[in-house]
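# Observations on the three-dimensional arrangement
Listed below, chain by chain, are the residues.
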Amino acid sequence: MIDDFDGAEILHCPYCGRAQDTHEDDEISANCCLTECEHCGKSFWYSVDVTRAYWPRKDDTEDAK
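Fair warning: this is a prediction, and the values are worked out from it, not measured in the lab.

### Section: the nonpolar core
Of all hydrophobic cores here, the largest spans seven residues; its members are Leu11, Cys13, Cys33, Cys37, Phe44, Tyr46 and Val48. Sorting elements by how many residues they give to this core places strand 2 (residues 43–48) first, with three residues.

### A few points about the pairing of strand 2
Burial of the side chains of strand 2 is restricted to one face: Phe44, Tyr46 and Val48 are buried, whereas none of Ser43, Trp45 and Ser47 on the reverse face is. By the bridge criterion, five bridges tie strand 1 (residues 30–36) to strand 2 in an arrangement that is antiparallel. Note that in strand 2 the partner of Cys33 across the bridge is Tyr46. Here strand 1 folds back onto strand 2 in antiparallel fashion, the turn holding six residues, of which Gly41 has a positive phi close to 85°.

Scoring rules and cut-offs
Residues numbered from 1 in each chain as written. Predicted model: local features only at pLDDT ≥ 70, side-chain atom pairs only at ≥ 80, totals over all residues. Heavy atoms only, no water. Core = buried A, V, L, I, M, F, W, Y, C linked by side-chain atoms within 4.5 Å. Buried < 20%, exposed > 50% of the residue type's maximum accessible area, 1.4 Å probe, protein only. Helix = DSSP H or I, 4+ residues; strand = E, 2+ residues; numbered from the N terminus. Pairing = 2+ DSSP bridges.

Structure (structure tokens):
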């Protein structure tokens with residue numbers, strides 16, 4: 001098993017190591033997703049951790065009123 005891809009930005013198959021082009025949408029975090037490798041055909045589990053950072057700013061036009 002290849003486990004050099006933990007925490008990677010791209011999902012790789014833990015068996016053959018090749019990048020997966022299609023997988024669950026990255027809009028929400030998920031602890032358990034089962035998928036089949038597009039290349040070697042083996043099934044594997046993966047998780048997705050989606051984080052967001054918000055940087056609010058005041059609207060300059062509001063201050064001018």
